[in-house]
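Okay, here's what each chain looks like letter by letter:
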Amino acid sequence: MTSVAALAPWLGGALLASGVLVGASRRRELVVRWCAWAVGVPVVTAAFWWGRPGIALLAAFVAVVAVWEFGALTRLPPADRVVLAAGVTGLIVAAVSMPDQLWRVGAVGACALVAVPLLAGDAEDGLRRLGTGLLGLVWLGVLAGLAPLGALGLAMFAAVSIADVVAYFAGPRLGGPRLSPLSPAKRWSGTLCGAGAGLAVLALLSAWSWPAAAAVAVGGPVGDLVESLVKRGAGVKDSGQWLAGAGGLLDRIDSLVGALAVVMILG
């Protein structure tokens, strides 16, 4: 497995090459998206370079923002969002500092989410709040697996990002059957091309393994569909509007979360 220091030049080179291509295209929406990547990639790389503390801080920040977006999509009250954010953050801290207590911390978070609607006496909407909160804890709690992966986590971030970009461009051009009614714009052709590109990135970065390959090729698209399911239920296209050219943060990490879940199960 390669190190973060060895990955950094590849990421910088990919960012530079994509910038040249985006600039040549003169498409404003692509330029805006590239600018967001130009800010995000160095920040993510620096966090991984720092090691587990840096990755944990990055994961905790991402988790809190993602929880708030998830709560907005599912109409969770502020109290539920605060408890959910604390539960996911607790899992991230436990994964770094006391991994043998991870399940206990998760159980405490689940009990806290149960307690919120119970203490509020919410007979009308309590069951939905409870189910939604537990879904968020399981789904976004997967971010706790990022820090222990170290450089492999950064390689997977690069691989699923490239896979998403390739799928985005290849699907509409190649056409063919739709991937799922949950996401009508996505095609099997684009998903397969994206998976191939993601696997090539893993090989190029010396991060290839069967768990990582399954995570990128299968977990990434599944993670994207999970977020599509949530957004369909909420009747919205994007999880937010604050991230330039990319909607919300959930829209950017959905594939990574799915990939992390698979590599944690298989790895």
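Residues numbered from 1 in each chain as written. Predicted model: local features only at pLDDT ≥ 70, side-chain atom pairs only at ≥ 80, totals over all residues. Heavy atoms only, no water.

Caption draft 1: Here's a closer look at helix α11 (residues 250-266). The terminal C-alpha atoms of α11, which comprises 17 residues, lie 24 Å apart, in line with the 24 Å expected from a rise of 1.5 Å per residue. For α11, a buried count of twelve out of 17 residues is recorded, marking the element as mostly surrounded by other parts of the structure. Within α11, burial applies to Leu250, Asp251, Ile253, Asp254, Ser255, Leu256, Val257, Gly258, Ala259, Leu260, Val262 and Val263. (Helix = DSSP H or I, 4+ residues; strand = E, 2+ residues; numbered from the N terminus. Expected span 1.5 Å × (residues − 1). Buried < 20%, exposed > 50% of the residue type's maximum accessible area, 1.4 Å probe, protein only.)

Caption draft 2: Highlighting the side chain of Thr74. Tracing the backbone shows Thr74 in helix α3 (residues 52-74). We classify Thr74 as buried; its relative accessible area is 13%. When sequence neighbours within four positions are dropped, the list of residues in contact with Thr74 reads Arg128, Thr132 and Val230. (Contact = heavy atoms within 4.5 Å.)

Caption draft 3: Seen up close, the confidence of the model for the protein chain. Per-residue confidence for the protein chain averages 89 on the pLDDT scale, and 97% of its residues sit at or above 70. Mean pLDDT across the elements of the protein chain bottoms out in helix α1 (residues 4-25) (80) and peaks in helix α4 (residues 78-97) (96). (pLDDT = per-residue confidence, 0-100.)

Caption draft 4: Looking closely at the pattern of salt bridges. In total, this model carries six salt bridges according to the counting rule given. One salt bridge in this structure joins Asp122 and Arg129, with 2.8 Å as the shortest N-O distance. The residue Lys231 makes a salt bridge to Glu227 at a minimum N-O spacing of 3.8 Å. Here Glu227 and Lys231 lie together in helix α10 (residues 210-234), a separation of four residues that amounts to about one turn. Glu227 shares its class with Lys231; the two are buried. Put simply, Asp80, Asp122 and Arg129 are held in one network by salt bridges that share partners. (Salt bridge = Lys/Arg side-chain N within 4 Å of Asp/Glu carboxyl O.)

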